[in-house]
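Report on the structure
Here are the chains, one letter per residue:
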Amino acid sequence: QVQLVESGGGLVQPGGSLRLSCAASGSRISINIMGWYRQAPGKRRELVSTITSGGTTNYADSVKGRFTISRDNGKNTMYLQMNNLKLEDTAVYYCNADYGRGREFVYWGQGTQVTVSS
């Protein structure tokens with residue numbers, strides 16, 4: 001079965017940086033689109049960034065210029081470099097993998113907590 005495991009979250013001061021990782025395992029087929037979502041307390045889960053297997057990226061307006069998404073297809077791992085973090089970035093960050101074969105082939109990680117606080 002497919003598993004997604006996030007890591008790299010933690011506590012950071014405003015203006016600081018974190019790098020999140022998402023490692024995928026358990027599938028013989030390649031991932032079409034991977035993405036990061038986040039959910040802050042009392043708010044809906046929102047899209048942060050996506051990256052296709054070919055390297056095409058997309059970012060939410062709130063993180064453009066500060067976050068950078070990347071992936072290593074050989075390692076089945078995705079990253080999110082988060083710079084100049086703000087208080088509003090505090091959330092649980094979730095990894096998402098879409099294999100491009102329908103909703104039954106979309107998977108989520110367990111989430112990693114990012115807390116921005118002075």
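Here goes a summary of the coordinates provided.

Cut-offs used in this document
Residues numbered from 1 in each chain as written. Predicted model: local features only at pLDDT ≥ 70, side-chain atom pairs only at ≥ 80, totals over all residues. Heavy atoms only, no water. Pairing = 2+ DSSP bridges. Helix = DSSP H or I, 4+ residues; strand = E, 2+ residues; numbered from the N terminus. Axes fitted to C-alpha atoms, helices over the stretch in contact; angles between N-to-C directions. Core = buried A, V, L, I, M, F, W, Y, C linked by side-chain atoms within 4.5 Å. Buried < 20%, exposed > 50% of the residue type's maximum accessible area, 1.4 Å probe, protein only. Contact = heavy atoms within 4.5 Å. Polar contact = N/O pair within 3.5 Å; in protein donor to acceptor, adjacent residues only side chain to side chain. Disulfide = S-S within 2.5 Å.

Digging into the sheet that holds strand 3 (residues 18-25)
- Read from one edge to the other, the open sheet built from 4 strands follows the order 1-3-8-7, with strand pairing classed as antiparallel. Since the sheet does not close on itself, it has two edges, and those belong to strand 1 (3-7) and strand 7 (67-72), each with one partner. Each neighbouring strand pair of the sheet contributes to a mean axis angle of 15°, computed without reference to strand direction.
- Here strand 3 runs beside strand 8 (residues 77-82); their pairing, made up of 6 bridges, is antiparallel. Residue Ala-23 lies in a different strand from strand 8, and its bridge partner there is Thr-77.

Considerations on the nonpolar core
- Trp-36, Phe-67, Met-78, Leu-80, Met-82 and Tyr-93 are the most contacted members of the largest nonpolar core, which has 28 residues in total.
- Those elements that place two or more of their residues in this core are strand 3, strand 4 (33-39), strand 5 (46-52), strand 7, strand 8, strand 9 (91-98) and strand 11 (112-116).
- Those residues in contact with Met-82 that lie beyond four places of it in its chain are Gly-16, Ser-17, Leu-18, Leu-20, Arg-66, Phe-67, Tyr-93 and Val-114.

Side note on the environment of Arg-45
- Along the chain, Arg-45 turns up in the loop between strand 4 and strand 5.
- Residue classification places Arg-45 among the partly exposed residues on the basis of a relative accessible area of 34%.
- Arg-45 sits 49 residues away from Tyr-94 along the chain, and the two C-alpha atoms are 9.1 Å apart.
- The residues contacting Arg-45, other than those within four sequence positions of it, are Tyr-37, Arg-38, Gln-39, Tyr-94 and Trp-108.

Things to note about the side chain of Arg-38
- Its place among the elements puts Arg-38 in strand 4.
- According to the relative accessible area criterion, Arg-38 is buried, its value standing at 5%.
- A polar contact of 2.8 Å, which involves the side chain of Arg-38, links it to the side chain of Glu-46.
- There is a polar contact of 2.9 Å between the side chain of Arg-38 and the side chain of Asp-89.

Focus: the side chain of Ser-49
- Mapped onto the elements, Ser-49 comes out in strand 5.
- Residue classification places Ser-49 among the buried positions, given a relative accessible area of 0%.
- Among the polar contacts made by the side chain of Ser-49, one reaches the main-chain carbonyl oxygen of Asn-58 at a distance of 2.8 Å.
- Discounting chain neighbours no more than four positions away, the residues touching Ser-49 are Met-34, Gly-35, Trp-36, Asn-58, Tyr-59, Ile-69 and Leu-80.

Thoughts on the state of the cysteines
- For the structure on display, the rule yields 1 disulfide.
- What pairs with Cys-22 in a disulfide is Cys-95, and their sulfur atoms sit 1.9 Å apart. With the S-S dihedral at roughly -75°, the linkage between Cys-22 and Cys-95 falls on the left-handed side. A residue pair is termed long-range when its members are at least 10 positions apart, and Cys-22 in strand 3 and Cys-95 in strand 9 qualify at 73 residues.

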